[in-house]
Amino acid sequence: MTATKTAALHKGAPAPKDAIALLKADHEAVTQMFADYEKARSVPNKKALVAEICAALSVHAQIEEEIFYPAVKAALKDKLVVPEATVEHAGVKDLIAQLEGVEPDGEMYDAKVKVLSEYVKHHVKEEQTEMFPKAKASSLDMVDLGQRMAARKEDLMALAA
Ligand SMILES: [Fe+2]
Ligand SMILES: [Fe+2]
């Protein structure tokens, strides 16, 4: 392929995000979905938002566990931050399993969504204030990691669609 053609194909494509930018963008997106849930009143709206939240969190957790966490663990010789984050993921996944495919039926459903949002809020804070700064200061190639996660995310979302 000629250089001109390659340039044309890439024209308008967003610049690759580094790993931390990609994960932070996911965190922001899901935080917004939880805020939307708080305002949602109708059952169909709630159900659609929860489906969106669960799908986004599942894909996000999977790309972290498959790509980001092992890289961070190895680079930092970490025995603390990544294992703790992995345990928190298990708690998140447990609540997702309780919500997925379930008909919103009132206060217990809302309570589960609320607790899920609190778990996620806590977990995101730990990642962004502890794990990400350490990862950034390491020798990890964040652009390469970001590209690998973006590609995996695209595959997983295509599978879920
Ligand atoms: Fe995470
Ligand atoms: Fe995360």
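This section reports on the structure supplied with the text. (Residues numbered from 1 in each chain as written. Chains lettered and ligands numbered in written order. Predicted model: local features only at pLDDT ≥ 70, side-chain atom pairs only at ≥ 80, totals over all residues. Heavy atoms only, no water.)

## A short note on the coordination of the iron ion (ligand 1)
Then, number 1: The protein atoms donating to the iron ion (ligand 1) are Glu-64 (OE), Tyr-69 (OH), His-89 (NE2), His-123 (NE2) and Glu-127 (OE), with metal-donor distances spanning 2.0 to 2.4 Å.
Then, number 2: Site description for the iron ion (ligand 1): donor spacing in sequence, E-x4-Y-x19-H-x33-H-x3-E.
Then, number 3: The two metals, the iron ion (ligand 1) and the iron ion (ligand 2), are separated by 3.2 Å and share Glu-64 as a common coordinating residue. Of the two residues, Glu-64 is situated in helix α3 (residues 43-76) and His-89 in helix α4 (residues 81-99); the sequence distance between them amounts to 25 residues.
Then, number 4: A relative accessible area of 4% places His-89 in the buried class. (Donors = N, O, S within 2.8 Å, 3.2 Å for Na, K, Ca; no water. Helix = DSSP H or I, 4+ residues; strand = E, 2+ residues; numbered from the N terminus. Buried < 20%, exposed > 50% of the residue type's maximum accessible area, 1.4 Å probe, protein only.)

## Overview of the nonpolar core
Then, number 1: In this structure, Phe-68, Met-131, Met-142, Leu-145 and Met-149 are the most contacted members of the largest nonpolar core, which totals 22 residues.
Then, number 2: Examining the composition of this core, we find that seven residues originate from one element, α3, more than from any other.
Then, number 3: If we ignore the near neighbours within four places in the chain, the residues touching Leu-145 are Ala-19, Ile-67, Phe-68, Ala-71 and Leu-140.
Then, number 4: Core analysis: the next-biggest nonpolar cluster, separate from the first, contains 19 residues, Val-30, Ile-96, Val-113 and Val-120 among them. (Core = buried A, V, L, I, M, F, W, Y, C linked by side-chain atoms within 4.5 Å. Contact = heavy atoms within 4.5 Å.)

## Remarks on helix α6 (residues 142-160)
Then, number 1: With 19 residues, α6 ought to run about 27 Å at 1.5 Å a step, and its terminal C-alpha atoms sit 26 Å apart, in line with that.
Then, number 2: Taken residue by residue, α6 has Met-142, Leu-145, Gly-146, Met-149 and Leu-156 as its buried positions. For α6, the angular spread of buried residues about the axis comes to 95°, placing them on one side. Of the exposed residues in α6, the ones pointing more than 90 degrees away from its buried face are Glu-154 and Ala-158.
Then, number 3: Capping of α6 at its N-terminal end is provided by Asp-141; its side-chain oxygen lies 3.2 Å from the backbone amide nitrogen of Val-143. (Expected span 1.5 Å × (residues − 1). Arc of directions from axis to C-beta. Polar contact = N/O pair within 3.5 Å; in protein donor to acceptor, adjacent residues only side chain to side chain.)

Read these as spatial facts, not as claims about activity.
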